[in-house]
Amino acid sequence: MKKLIALFATALISLSSQATLLSIDLDNTDYQVGDTLQANVIISDIEQDSLGFQKLLGSFDFDLLFDSSILAYQSTTFGSFLDVDPSFASDQFDADLGMGDLYVSEISYAFSDDLFAAQDGQSSFLLASVSFDVLADGLNTFNFADILLADDFGDDFSSVSSSGTEVIVGGATSVPEMPSLAIFALGLIALVVRQRKA
């Protein structure tokens, strides 16, 4: 009986500690100056309600941060999982705030049953696709700020995390670090050679 209670308590703790994740999936891995880069914002690991069911997403807003010396904002295309009401379109908004800060927001006016029909069984889905013009070579890091997610009743999600993404554009190359074991071995070899010469 004690094992059953401990198992149940562990399950409740793990359910309540799940954090909804926002991440970025790029449409390519190789970009050159003049290309269009598409960053897809994905929601996954969606938190569960008190009964253990996945919450429905009713609205979101966030700031997407990027390097404005490397990328220039072009356009945003919203996903199809919130704009599901047959009579009222969702309220979609995006604004380039300058200095590498893009604000993206969507509010659904759909009833819970319409959101359920669209989101049920989806462990992850697309919130928005953001297109950028590639201006220069370099390393661009995408990050999120000021994330707000709310369910179909307007209640905020309790735990949200995000994962940024780096992309090397153009001729910029990263030099891999030499493993510390290799550095140590080179040091030992140099020491042995030096002692033999002495």
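To be clear, the structure that these remarks concern was listed above.
Draft legend 1. Structural detail: helix 2 (residues 112-119). Here helix 2 has its buried residues at L115, A118 and Q119. Considered in projection along helix 2, the buried side chains sweep an arc of 85 degrees and stay on one side of the axis. Away from its buried face by more than 90 degrees, helix 2 exposes D113 and A117. Just beyond helix 2, the residue with positive phi is G121, at close to 85 degrees.

Draft legend 2. Summary view of the side chain of D101. With respect to the helices and strands, the residue D101 is situated in strand 6 (residues 101-107). Although D101 is buried, it makes no salt bridge; K55 carries the closest opposite charge, 25 Å away. When sequence neighbours within four positions are dropped, the list of residues in contact with D101 reads D63, L64, L65, F66, A95 and D96.

Draft legend 3. Local environment of the pattern of salt bridges. Within the structure shown, the criterion is met by one salt bridge. Between K55 and E47 there is a salt bridge whose closest N-O contact spans 2.7 Å. The same class applies to K55 and to E47, which are both buried.

Draft legend 4. Looking closely at the nonpolar core. Ranked by size, the top nonpolar core spans 34 residues in total, and within it L37, F132 and F142 carry the most contacts. Those elements that place two or more of their residues in this core are strand 1 (20-26), strand 2 (36-44), strand 3 (57-65), strand 4 (71-78), strand 6, strand 7 (124-134), strand 8 (138-151) and strand 10 (165-169). When residues of this core are assigned to their parent elements, the largest contribution, six residues, is made by strand 7. Excluding residues that lie within four positions of it along the chain, F132 makes contacts with D35, T36, L37, A39, L64, F66, L71, A72, Y73, Q74 and F142.

Draft legend 5. The packing of aromatic side chains, seen in detail. Under the criterion given, the structure shown has eight aromatic pairs. Relative to F78, the ring of F60 has its centre 6.5 Å away and its plane inclined at 35 degrees; by these criteria the two rings are tilted. Taken together, the positions of F60 in strand 3 and F78 in strand 4 put the pair 18 residues apart, joining distant regions of the chain. F78 sits in the buried class, given a relative accessible area of 15%. Members of the aromatic cluster, joined through ring pairs, are F60, F62, F78 and F144. The cationic tip of K55 hangs over the ring face of F157; the distance from NZ or CZ to the ring centre is 5.3 Å.

Draft legend 6. Representation of the sheet that holds strand 3 in the model. Read from one edge of the open sheet, five strands run 5-6-3-8-10, paired in antiparallel fashion. Taken across any chain shown, the strands that pair with only one partner, and hence form the sheet edges, are strand 5 (91-96) and strand 10. Averaged over all pairs of adjacent strands, the angle between their axes in this sheet comes to 15 degrees, without regard to strand direction. Across seven bridges, strand 3 lies against strand 8 in antiparallel orientation. Counterpart to L65 in the pairing with strand 8 is N143.

Draft legend 7. Local environment of the pairing of strand 10. Of the two faces of strand 10, only the one carrying T165, V167 and V169 is buried; E166 and I168 on the other face are not. Both strand 8 and strand 10 contribute to a ladder of five bridges, which runs antiparallel. Its bridge partner lying in strand 10, G138 is registered against V169.

Draft legend 8. Expanded view of the environment of D63. When you line up the elements, D63 lands in strand 3. You can call D63 buried: its relative accessible area is 8%. Taking C-alpha positions, D63 is 9.5 Å from D94, a pair spaced 31 residues apart along the chain. Once you skip the residues sitting within four places of it in the chain, D63 turns out to touch L97, D101, L102, Y103, N143, F144, A145 and D146.

Conventions adopted
- Residues numbered from 1 in each chain as written.
- Predicted model: local features only at pLDDT ≥ 70, side-chain atom pairs only at ≥ 80, totals over all residues.
- Heavy atoms only, no water.
- Buried < 20%, exposed > 50% of the residue type's maximum accessible area, 1.4 Å probe, protein only.
- Helix = DSSP H or I, 4+ residues; strand = E, 2+ residues; numbered from the N terminus.
- Arc of directions from axis to C-beta.
- Lys, Arg positive; Asp, Glu negative; His and termini not counted.
- Salt bridge = Lys/Arg side-chain N within 4 Å of Asp/Glu carboxyl O.
- Contact = heavy atoms within 4.5 Å.
- Core = buried A, V, L, I, M, F, W, Y, C linked by side-chain atoms within 4.5 Å.
- Phe/Tyr/Trp six-rings, centres within 6.5 Å; stacked < 30°, edge-to-face > 60°.
- Lys NZ or Arg CZ within 6 Å of the ring centre and 35° of its normal.
- Pairing = 2+ DSSP bridges.
- Axes fitted to C-alpha atoms, helices over the stretch in contact; angles between N-to-C directions.

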